Amino acid sequence: MKTYHIELLVRLKTADTVALTAKNTLRRDMGYESVLLDVRREERWVIQVQAEDLQTAEKLGREFAATRIFVNPNKQTCVLKAAESGQAKLSPQKQDEGGPYEVGVIVSYYQDGKAVSARDALRHTYGYGGRIGNVERGVLWKLLLSAQSPDSARKTAEDIALTSSMNSGLLTNSHSQTYIVL
Amino acid sequence: MSQPNSRIFLPKITKVASKTQKLGSSSSHKLREMKKIAIIQYPGSNCEYETARAVMASGMEAEIFRWNRDAASLDEYDGYIIPGGFSYQDRVRAGAIAAKKGIMRTIFGEAAKGKPVLGICNGAQVLVESGMIPGVNPGELEMALAPNTGTSGYYCNWVHVVHSTRKGKCAFTRFFEKSEVFPMPVAHAEGRFVTRKKGLIESMYDNGQIVLRYSTVDGKVEDRFPVNPNGSTDNIAGICNPAGNVFALMPHPERAAWLRQVPDDTGDEYAEAKRDAYGSWQRMTEAGPGRKIFESMREYLENIPY
């Protein structure tokens, strides 16, 4: 048995008003009108699972997605990826030459009760027991940025990601959340 | 067909303008003398009317100020209340979007002049996200109101809080004695005061900024559910800025502003008074513990010129 990471990226089928509000606030109230072209958002779950091989891990991932814990098929769709722990580069950054650049930012809480509840539901309610390791939940923000270079786009994404004052940053409050710029 | 009882339930709104809802006495002379409080209504706010009633009952004029009005006109008011609810549907993070709006920049400037600002529940989240609370370094994000622990979600119940700073430190607790315990309701999913800034909590204690803490009915601060309903650091329920004129409060004082709102089984003096008041509507309309928050605000405005 090996440890695999299953990543579920869940997005709304309908317009995402949270992403739209974030985009409008950043553009209209925070001065990013000329550089921030679009904001999209996906909920990201990472489930650590014990499996015999990659195919089994993927099969388990499909079963998890069907539990309705993570995905409501009436309004959401899901993309599933599985990889052996420590080998995969999950949610890789898309880099187009010449821009605009899409930069991903994953925001998650230090203490997330929903992730704990999901883990416990898989272990106990659905009977996967000890095969289930840690479950993490976060939001993957995808910022489409007009910039001179990937580094410049990444710097802008950092500024947007970390809230340090009333006037700067939006996506993360570092006192309760952590973030990664991909 | 006549509906004889419907009159009882009509709201006491005396004027409704296109973008403004004024609530208060019809006496213009009285209005001129009364302090005028702006109650900020964001899309998703849902406690503005009962907050306005508590303000009026405390001898001030209340005006609901919609988010799409000219923020600069806020300087006409004597004080500000950001009420509870779900501003901008809690999108991104509770209070995060509202904190970025021009209204908060204006209130930030007015607070620096000494005007009182009260944030209740979602309003407290807005004050924290805008860096006005704790305000050790004004404008800097120094805390968060994180998701509750212990209940794993939204929690709504009556709790007790103990006044933990010296009398007179905070503009909104001037009528509370040190160590006074009283009941108020909480209703939130993200109410846990946390910080990762080393030494901040200690300096807040030194400054007298830890105003209210969740406690037992006897005033014991015990870090266990349901005494601490959300896992807040040091059982913190309410924090003021160093000057004492900005106050972020997770419980809802406007829902405890009349004795009739208070439960009769909380084991405190208000519960006893409620039981004694059964059968007397006049006694039921007497002030509840939350009224003192608003009366303190009025008293601050009348005695501290800014």
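This text follows the structure it describes.
S.K.: Just checking my understanding: could you explain the interface of chain A and chain B for this structure?
M.R.: Accessible area lost upon the coming together of the parts serves often as the stated size of an interface. Listed per partner, the contact involves 28 residues of chain A and 31 residues of chain B. Counting each side, the surface lost to burial between chain A and chain B is near 2300 Å², with a carbon and sulfur contribution of 55%. As a salt-bridge pair, K101 of chain B and D29 of chain A come within 2.5 Å of each other at their nearest N and O atoms. Applying the counting rule to chain A against chain B returns 19 residue pairs in polar contact (both at pLDDT 80 or more). Per-element accounting of the side of chain A that touches chain B gives the leading share, 6 residues, to helix α1 (residues 17-29) of chain A. Here the residues of the side of chain A that touches chain B sort into 9 nonpolar, 18 polar and 1 charged.

S.K.: Is there a simple way to think about the state of the cysteines in this case?
M.R.: Covalently bonding the sulfur atom of one cysteine to the sulfur atom of another cysteine gives a disulfide. All names here are of chain B. Here the structure, examined in full by the defined rule, presents 0 disulfides over all chains. We note that C170 lacks a disulfide partner, and the nearest cysteine sulfur, in C240, lies 4.5 Å from it. The class for C170 is buried, based on a relative accessible area of 0%.

S.K.: Teacher, can you tell me more about the pattern of salt bridges here?
M.R.: Enumeration according to the criterion identifies 28 salt bridges over all chains in this entry. A salt bridge links E63 of chain B to K36 of chain B, with the nearest nitrogen and oxygen atoms 4.0 Å apart. Residue E63 of chain B is found in strand β4 (residues 61-66), and its partner K36 of chain B is found in strand β3 (residues 36-41); the two are separated by 27 residues along the sequence. Each of E7, R44 and K81 of chain A takes part in a single network of salt bridges with overlapping partners.

Conventions we followed
Residues numbered from 1 in each chain as written. Chains lettered and ligands numbered in written order. Predicted model: local features only at pLDDT ≥ 70, side-chain atom pairs only at ≥ 80, totals over all residues. Heavy atoms only, no water. Contact = heavy atoms within 4.5 Å. Buried area = accessible area lost by both parts, 1.4 Å probe. Salt bridge = Lys/Arg side-chain N within 4 Å of Asp/Glu carboxyl O. Polar contact = N/O pair within 3.5 Å; in protein donor to acceptor, adjacent residues only side chain to side chain. Helix = DSSP H or I, 4+ residues; strand = E, 2+ residues; numbered from the N terminus. Nonpolar A, V, L, I, M, F, W, Y, C, P; charged D, E, K, R; others polar. Disulfide = S-S within 2.5 Å. Buried < 20%, exposed > 50% of the residue type's maximum accessible area, 1.4 Å probe, protein only.

So far we have only geometry, and geometry alone does not tell us how the molecule works.
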